[in-house]
Amino acid sequence: MPQLGFVLQWVVKALAVVLAITILNFFLIRLAPGDPAVVMAGEAGAADQQFLDQVRRDFGLDQPLAVQLATYVKNVLTLDLGQSFRTGRPVADMIFERLPATLLLTGTAYVFALIVGPLLGAIAAMRPRSVFDSLLMVVALVFYATPIFWVGLLLILVFSVQLGWLPPFGMQSMIPVKGALASTLDVIRHLILPAVTLGLFYIAVYVRLTRASMLETATLDYVKTARAKGLPEWRVATAHILRTALIPIITFAGLQAGHLVGGAIVVETVFAWPGIGRLAFDALFQRDYNLLLGVFLISALMVVFFNMVTDIVLRIADPRIAGRA
Amino acid sequence: MRRRTTMGLMGRLAAVVFALVLAGAGAARAEPQQGGTLNSTLWPEPPGIVIGIHLNAPTLLPSSKIFEGLLTYDFALSPQPMLAESWEVSEDGLTYTFKLRQGVKWHDGEDFNAEDVVYSLTKFIPEVHPRSRPTFARTKVTAPDDHTVVLTLEEPYGPLIRSFDVIGAPIVPEHVYNGSDIRENPANRAPIGTGPFKFSEWASGEYIHLVRNDAYWLDGRPYLDEIYYRFIPDSASRALALETDQVHLATQNDIELVDVARLAAMPHLEMTTKGWEWGAPISWLEMNLRREPFNDVRFRKAVMHALNREFIRDSIFFGLAAIPTGPIHSSSPFYTDDVPTYEYDPEKAKALLDEMGLEAGADGVRAKIGLLGLPYGELWDRLSQYIRQALGEVGVEVTIETSDVAGWGSRISNWDVDMSTTYLTTLSDPALGVARSYITENQRKGVLFTNTSGYSNPEVDRLFAEAASEPNEDKRRELYHQVQKIVADEVALAWLVELQWPTIHSAKLKNVVRNGLGPNDNFAEAYFEE
């Protein structure tokens, strides 16, 4: 039963956090200078008082702030995220039609990085200061330090413009391909460059984190004991060092998973990937309050959910955590 | 000698024959061909694609292929037939009679008729179209028969004849919109028009897809099978897409000006700056005339003399601009260059500031002012930096203020700014797109694109009003010439450049820019040459 108590406790905490975030966001957005009605007029290149009044009336912006907040929270509790100021469409529709593309991109990059990063980091840690280790550290540093948009543009130049192997942008071909298999392959072809661009950044982080964590763990007494017992080096590395060294990596991976929703704005921009990051970015500049609040809400839910998953995984990896809790 | 002459004659004859053959082949090649998919960039993704409900630039590009107006306009902005086959304006300028084209069908198969026009001009536009609302509020619209529409006015309104393009007065289907909440109508996401292309699909974040309207009223048109408007958010990626022939068309602000010359020089691409006569965009530096020292005309003249607009044109806009002389764009039929002009002369600027008593202190500073730059990216940031530097050289210290578009719009519309940079389309007639920035009546706090500088001159107000209600085009021209002289003399705004938006397209794509509406034309005549 303690697990059930843990989950219940988590759900209550999560709801409170999400509610607090919603209210905080509501006020933060409205603190930014600029009136959505004026932005819409600006985009249209035309405005009169009638237009501005109508926009404010349609979206309740003429109401006192407290009334606006109460209405918003009440609607959210009934799973109604409202309408986008700019397009007039339901916010939930707009978010859920973009969410799969983002999850596909960030999820692929994340899994790719989570497999390759720790693996390379572990190999480097097993032979510190070897040629492989030094080379890998330099490459990781380069990808960690290079702006992600730049990596993206370089990959486009090499693989799309020069070699012509992969499409430079979009999630599917200009003229959509017919047939389930063909269209899946088409999406995969489009996915490679953006996922690799995003993945390279994550890999660089995991390589450095894994290596540092393993080298630190390797100096601990129980590892020396394992070696003294005569265990083969690969077994010391995997069973003794890696398991303990994984804890900071799991924590980091959990934190990152929460950001899968909004974390790819730059890559989505460079590769014209139809995801949610770009949607949020535009919504911010257009002061599309409802859309922005909707994206924040989904994002907050994801962060809270993955924090919970991380906690559970950490309890499994290191039972002492459950004991302490 | 003689032989050479003969050979020369023979050679010339051969050349003529060869040229004729080539010309024949050329003529054969120039024959428009059916088919093909046009891929165009479109950025940002528009909020909607029904002109009128939305007027954003990216709305207009796809929407102008789906919907049509009664008229369209050539490069000189003279009216040309579209849904109206012919039209007549009465001598007194009070009655406009349009004969509508017959056999036109909406994309859902219904017949187009005069009721659609009456509905569009009396219900749709007054409800949703902030730009054209005041124009059509002056008219009474009736339909004596199914194919005739009559507009009557109480007093003549000069710009009316230039108000019937698809952007100013889109004709929408009465049978779809009548009786519904226009903004909530489901057809807004799958619009029904009369244009050469039908709406097919909108993949959010990816593209808008239009397909050929097989029942289009002009036989054999359109030539193209389909158009994809592809949303590509990054300007470097848009340039790459053109470069690799993945897209065939980009326009307006799609391509950074720094990239334009490089792309235009590529053998598979062509570039033109024509086709924005309808929009006629002018960029200016606006000074808040409610504040000192801007309320002194000598200061404004000093600013004009301190700015090297040739440098701005060549180095900031990469030559894709022209230098304006006043409030009216040089492509307008009402333009005159017979106005006071301000050459680059910092010494003159300093003399004017001295005359005002703005002496330089020990630090060389005569005045300190703020500049809110247009937040549309690097080009506009560089413009702000140049203005800061140029005014600094005559002793005016400029602090650049930054904001995003929302904050910028809010501050300008609430007159909470010293100076700001902006650009505005001056539209097809000065009464529609120019007067709004100068007439006293249009100083409306909180509303963008009004007279936000606070300029006021009763004589200018009178001339603008008289020109708007004058039916005779020559008299109108004379009145606008007077306006330009006064406003330029008083430097109501510091006009910086006329923007020349580039349209870059595949060399195989023909008939892209055919009239004053440019890329916002309906593309019925556009085709790919093999």
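Asker: Describe the overall build of chain A, naming the residues involved and giving the relevant values.
Answerer: Along chain A, the regular secondary structure elements total 14 helices and zero strands. Ordered by position from the N terminus, the helices and strands of chain A form the series α-α-α-α-α-α-α-α-α-α-α-α-α-α. Projected onto its principal axes, the C-alpha coordinates of chain A cover approximately 85 × 60 × 40 Å. The buried share among the 325 residues of chain A stands at 37%. Expressed as a percentage of contacts within chain A between residues at least 6 apart in sequence, the contacts between residues at least 24 apart total 72%.

Asker: I'd like to hear about the packing of helix α14 (residues 458–468) of chain B against helix α15 (residues 473–489) of chain B, residue by residue, with values.
Answerer: All names here are of chain B. Closest axis-to-axis distance for the α14/α15 pair is 9 Å, and the angle between their directions is 160°. In terms of axis orientation, α14 runs roughly antiparallel to α15. Classified by chirality, the crossing of α15 by α14 is left-handed. Within the contact between the two elements, α14 uses Glu 459, Val 460, Leu 463, Phe 464, Glu 466 and Ala 467 and α15 uses Arg 476, Leu 479, Tyr 480, Gln 482, Val 483, Ile 486 and Val 487. Split into classes, the residues belonging to the contact of α14 with α15 amount to nine nonpolar, one polar and three charged.

Asker: Which residues make up the interface of chain B and chain A, and what are the values?
Answerer: Quoted interface sizes are often the accessible area lost when the parts come together. In this assembly, 41 residues from chain B lie in contact with 42 residues from chain A. Among the secondary structure elements, those contributing two or more residues to the side of chain B that touches chain A are β1 (37–41), β10 (226–230), α6 (235–243) and α12 (405–413) of chain B. The greatest single-element share of the side of chain B that touches chain A, amounting to six residues, is contributed by α12 of chain B. Broken down by class, the residue content of the side of chain B that touches chain A amounts to 16 nonpolar, 16 polar and nine charged.

Asker: Can you break down the packing of helix α5 (residues 91–126) of chain A against helix α8 (residues 180–218) of chain A residue by residue, with the values?
Answerer: To characterise two packed helices, one gives the angle between the axes of the helices and the distance between these axes. One way to put it is that α5 of chain A packs onto α8 of chain A with a least axis distance of 6 Å and a crossing angle of 35°. Where α5 of chain A crosses over α8 of chain A, the two elements pack in a sense that is right-handed.

Asker: Break down α15 of chain B for me, with residues and values.
Answerer: Residue and element names in this part refer to chain B. The first and last C-alpha atoms of α15 sit 24 Å apart over 17 residues, in line with the 24 Å expected at 1.5 Å per residue. Within the sequence span of α15, burial applies to Arg 476, Leu 479, Tyr 480, Val 483, Gln 484, Val 487 and Ala 488. Take α15 and look down its axis: the buried residues cluster within an arc of 160°, on one side only. Backbone geometry just downstream of α15 places Val 491 in the positive-phi region, at approximately 45°.

Asker: Requested: an account of the sheet that holds strand β4 (residues 84–89) of chain B, with residues and values cited.
Answerer: Residues and elements named next belong to chain B. Here we have four strands laid out as an open sheet, ordered β4-β5-β7-β6, and antiparallel in their pairing. Each of the sheet's edge strands pairs with one partner strand only, and the pair in question is β4 and β6 (139–145). The mean angle between the axes of side-by-side strands here comes to 20°, regardless of whether they run parallel or antiparallel. Strand direction decides the pairing type here: β4 and strand β5 (residues 95–100), joined by five bridges, are antiparallel. Following the sheet pairing, Ser 86 is matched in β5 by Lys 99. The sheet strands contacting helix α3 (residues 114–128) are β5, β6 and β7 (148–153), and the helix crosses β6 at an angle near 170°.

Asker: Lay out the pairing of β5 of chain B with the relevant residues and their values.
Answerer: Residue and element names in this part refer to chain B. Covered by surrounding structure in β5 are Tyr 96, Phe 98 and Leu 100 only, the residues Thr 95, Thr 97 and Lys 99 on the alternate face being uncovered. Hairpin connection of β4 to β5: five residues between the antiparallel strands, including Gly 93 at a positive phi of 75°. Sheet topology note: the β5/β7 ladder contains five bridges and is antiparallel. Within the sheet, the bridge partner assigned to Thr 95 lies in β7 and is Thr 152.

Asker: Lay out the sheet that holds strand β16 (residues 396–401) of chain B with the relevant residues and their values.
Answerer: Residues and elements named next belong to chain B. An order of β14-β18-β13-β17-β15-β16 is seen for the six strands of this open sheet, with the pairing classed as mixed. Across the chains shown, the open sheet's two edge strands, defined by having one partner strand only, are β14 (321–322) and β16. Sheet topology places strand β13 (residues 281–287) next to strand β18 (residues 494–499); four bridges connect them, and they run antiparallel. Paired with Ser 283 across the bridge in β18 is Val 497. Relative to the sheet, helix α11 (residues 378–393) contacts β13, β15 (367–372), β16 and β17 (419–425), its axis offset from that of β16 by approximately 160°.

Asker: Describe unusual backbone geometry, listing the residues and the values that go with them.
Answerer: All names here are of chain B. Note that the residue after Trp 43, namely Pro 44, is joined by a cis bond; omega there is -5°. Structurally, Pro 44 can be placed in the loop between β1 and α2 (57–66). Omega for the peptide link from Arg 221 to Pro 222 comes to -5°, which places this bond in the cis form. Tracing the backbone through its elements, the reader meets Pro 222 in the loop between β9 (207–212) and β10. With a phi close to 60°, Trp 415 is a non-glycine residue in the positive phi region. Along the chain, the position of Trp 415 falls in the loop between α12 and β17.

Asker: Kindly report on helix α10 (residues 346–356) of chain B, identifying the contributing residues and their values.
Answerer: Residues and elements named next belong to chain B. Inspection of α10 places Ala 349, Leu 352 and Leu 353 among the buried residues, and these make up the whole buried set. Along the long axis of α10, the arc covered by the buried residues comes to 95°, so they all point the same way. Those residues of α10 that are exposed and angled more than 90 degrees off the buried face are Glu 347 and Glu 355. Each element contacted by the buried residues of α10 is listed here: α8 (297–306). After α10 finishes, the residue Gly 357 shows a positive phi value of roughly 90°.

Asker: Tell me what's going on with the confidence of the model for chain A, and back it up with residues and numbers.
Answerer: Taken over all residues, the pLDDT of chain A has a mean of 84, while the share at 70 or more is 94%. Per-element mean pLDDT across chain A ranges from 65 in helix α14 (residues 319–324) of chain A up to 90 in α5 of chain A.

Asker: Help me get a handle on the environment of Arg 514 of chain B, residues and values and all.
Answerer: Along the chain, the position of Arg 514 of chain B falls in the loop between β20 (509–510) and β21 (527–528). Not counting residues within four places of it along the chain, the set of residues in contact with Arg 514 of chain B comprises Asp 521 and Glu 525 of chain B.

Asker: Go over the environment of Gly 5 of chain A, please, and point to the residues and values.
Answerer: Within the secondary structure, Gly 5 of chain A sits in helix α1 (residues 2–31). C-alpha separation for the pair Gly 5 of chain A and Met 302 of chain A, spaced 297 residues apart in sequence, amounts to 21 Å.

The rules behind these values
- Residues numbered from 1 in each chain as written.
- Chains lettered and ligands numbered in written order.
- Predicted model: local features only at pLDDT ≥ 70, side-chain atom pairs only at ≥ 80, totals over all residues.
- Helix = DSSP H or I, 4+ residues; strand = E, 2+ residues; numbered from the N terminus.
- Buried ≥ 20, exposed ≤ 12 C-beta atoms within 10 Å, placed from the backbone.
- Contact = placed C-beta atoms within 7 Å.
- Axes fitted to C-alpha atoms, helices over the stretch in contact; angles between N-to-C directions.
- Parallel < 35°, antiparallel > 145°, perpendicular 65-115°, else oblique.
- Left-handed = near helix turned anticlockwise from the far one by under 90°.
- Nonpolar A, V, L, I, M, F, W, Y, C, P; charged D, E, K, R; others polar.
- Expected span 1.5 Å × (residues − 1).
- Arc of directions from axis to C-beta.
- Pairing = 2+ DSSP bridges.
- pLDDT = per-residue confidence, 0-100.

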